[in-house]
Amino acid sequence: MENKELVRHGYNNCAQNYLKHRDLFQNQKYIDDLIDRLEPNSKILDIGCGAGIPIDKYLVEKGFQVTGIDLSSEQIGLAKENVSQAEYHIQDMSEIDFPDNSFDCVISFYAIFHVKREEHQQLFDRLFASVKDGGYLLVTMGAGEWEGVEDFFGSEMFWSHFGVEKNLEIIQNSGFQIIHQEIDQSGNEKHLVSLAQKPQKRKASLPSFDTNQEI
Ligand SMILES: C[S@@+](CC[C@H](N)C(=O)[O-])C[C@H]1O[C@@H](n2cnc3c(N)ncnc32)[C@H](O)[C@@H]1O
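Residues numbered from 1 in each chain as written. Predicted model: local features only at pLDDT ≥ 70, side-chain atom pairs only at ≥ 80, totals over all residues. Heavy atoms only, no water.

1. Here's the deal with the pattern of salt bridges
Part 1 of the reasoning: Under the criterion given, the structure shown has 12 salt bridges.
Part 2 of the reasoning: In this structure, aspartate 92 and lysine 4 form a salt bridge, with 3.0 Å as the shortest nitrogen-oxygen distance. You can see aspartate 92 sitting in the loop between strand E3 (87-90) and strand E4 (103-108) and its partner lysine 4 sitting in helix H1 (residues 3-21), a full 88 residues away along the chain.
Part 3 of the reasoning: Judged by its relative accessible area of 12%, aspartate 92 falls in the buried class.
Part 4 of the reasoning: By relative accessible area, which is 19% here, lysine 4 ends up buried.
Part 5 of the reasoning: With its nearest N and O atoms 3.4 Å apart, the salt bridge here joins aspartate 33 to arginine 37. On the criterion of helical spacing, the pair formed by aspartate 33 and arginine 37 is a turn pair, its members being four residues apart in helix H2 (residues 28-37).
Part 6 of the reasoning: Take arginine 37: its relative accessible area is 33%, and that puts it in the partly exposed class.
Part 7 of the reasoning: Put simply, Lys116, Glu118 and Glu147 are held in one network by salt bridges that share partners. (Salt bridge = Lys/Arg side-chain N within 4 Å of Asp/Glu carboxyl O. Helix = DSSP H or I, 4+ residues; strand = E, 2+ residues; numbered from the N terminus. Buried < 20%, exposed > 50% of the residue type's maximum accessible area, 1.4 Å probe, protein only.)

Following this line, the structure appears as structure tokens:
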């Protein structure tokens, strides 16, 4: 099976089981820090949203407008049941085509490392375009370089990621400015967590008038 089909098939098989183990990972402090920076009702895109729990549910309860996309129809089916106030689509994050400046923030937890790493720069370039000026990015990525296939809840699963330095370079190359990054070790795994911001566009300055000039 091709890599992307392994991922889709793997999550279709394990969606329920994965959710049962999801609370091993602790994301509360990252989400709360993000929430403090967002305006009420902000629009958030979650790529590789899974079953919508716990993150989308929490964000919706805080009054944010959440759109989630995921490759797996099973995951999106669960997400629609779990978080009926959010909007969900079965979609490959490598093919997102939202209009520029659509979202106040893009988030992604434990998902980007299922996309071939050669495509990561292009993905972040697209995310940068889809976020409004001054908007945010909160993502987890690999903490070490690795690519391969391993068993995951009884199915073959594909992972592909760079190490910390290259990941941060990709985020910055796309135009985001890193606000905070750290290695999270919850769930007995290591993940790079990065919070970044799209710079505000400078307002064009008006021509200055010489007040002493005679007319
Ligand atoms: C480990 S789960 C994490 C789900 C959720 N973000 C969470 O924190 O619980 C990874 C998710 O990424 C999705 N995914 C993997 N590759 C994807 C792709 N190319 N486009 C969209 N979703 C993808 C999988 O289907 C799966 O639901």
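2. Here's the deal with the side chain of asparagine 27
Part 1 of the reasoning: Its location among the elements puts asparagine 27 in the loop between H1 and H2.
Part 2 of the reasoning: Note on asparagine 27: relative accessible area 5%, which makes it buried.
Part 3 of the reasoning: Within the structure, the side chain of asparagine 27 is placed 2.7 Å from the side chain of arginine 22, a separation counted as a polar contact. (Polar contact = N/O pair within 3.5 Å; in protein donor to acceptor, adjacent residues only side chain to side chain.)

3. Some remarks on the nonpolar core
One recurring pattern in soluble globular proteins is that nonpolar side chains are buried together.
Part 1 of the reasoning: Counting 37 residues, the largest nonpolar core has Leu34, Leu59, Ile107 and Leu138 as the members making the most contacts within it.
Part 2 of the reasoning: Counting residues per element, the ones that place at least two in this core are H1, H2, helix H3 (55-61), helix H4 (73-82), E4, strand E5 (131-142), strand E7 (155-161) and strand E9 (191-197).
Part 3 of the reasoning: The element that contributes the greatest number of residues to this core is H1, accounting for five residues.
Part 4 of the reasoning: Beyond its immediate stretch of four places on either side in the chain, leucine 59 contacts Ile31, Ile35, Ile44, Phe64, Val66 and Ile107.
Part 5 of the reasoning: Within the second largest apolar cluster, 23 residues are counted, among which are Phe124, Leu127, Phe128 and Val139. (Core = buried A, V, L, I, M, F, W, Y, C linked by side-chain atoms within 4.5 Å. Contact = heavy atoms within 4.5 Å.)

4. Concerning the site of the ligand
Part 1 of the reasoning: Contacts to the ligand come from 19 residues, most closely from Arg22, Gly48, Asp70, Met93 and Phe109.
Part 2 of the reasoning: One nitrogen or oxygen atom from the side chain of aspartate 70 is found 2.5 Å from an oxygen atom belonging to the ligand.
Part 3 of the reasoning: Within the backbone of phenylalanine 109, one N or O atom sits 2.8 Å away from a nitrogen atom of the ligand.
Part 4 of the reasoning: Isolated, the ligand exposes 600 Å² of accessible area, and the fraction of that covered by the protein chains is 98%.
Part 5 of the reasoning: More than half of the atoms of the ligand fall within 2 Å of the grid points belonging to the largest cavity.
Part 6 of the reasoning: The greatest single-element share of the shell around the ligand, amounting to three residues, is contributed by H1.
Part 7 of the reasoning: Taken together, the residues of the shell around the ligand sort by class into 10 nonpolar, six polar and three charged. (Near = heavy atom within 4 Å. Areas by Shrake-Rupley, 256 points an atom, 1.4 Å probe, with all protein chains shown as cover. 1 Å grid on protein atoms, 1.4 Å probe; cavity = no way out; pocket = protein on both sides within 12 Å on 5 of 7 lines; lining within 4 Å. Sits in = over half its atoms within 2 Å of the grid points. Nonpolar A, V, L, I, M, F, W, Y, C, P; charged D, E, K, R; others polar.)

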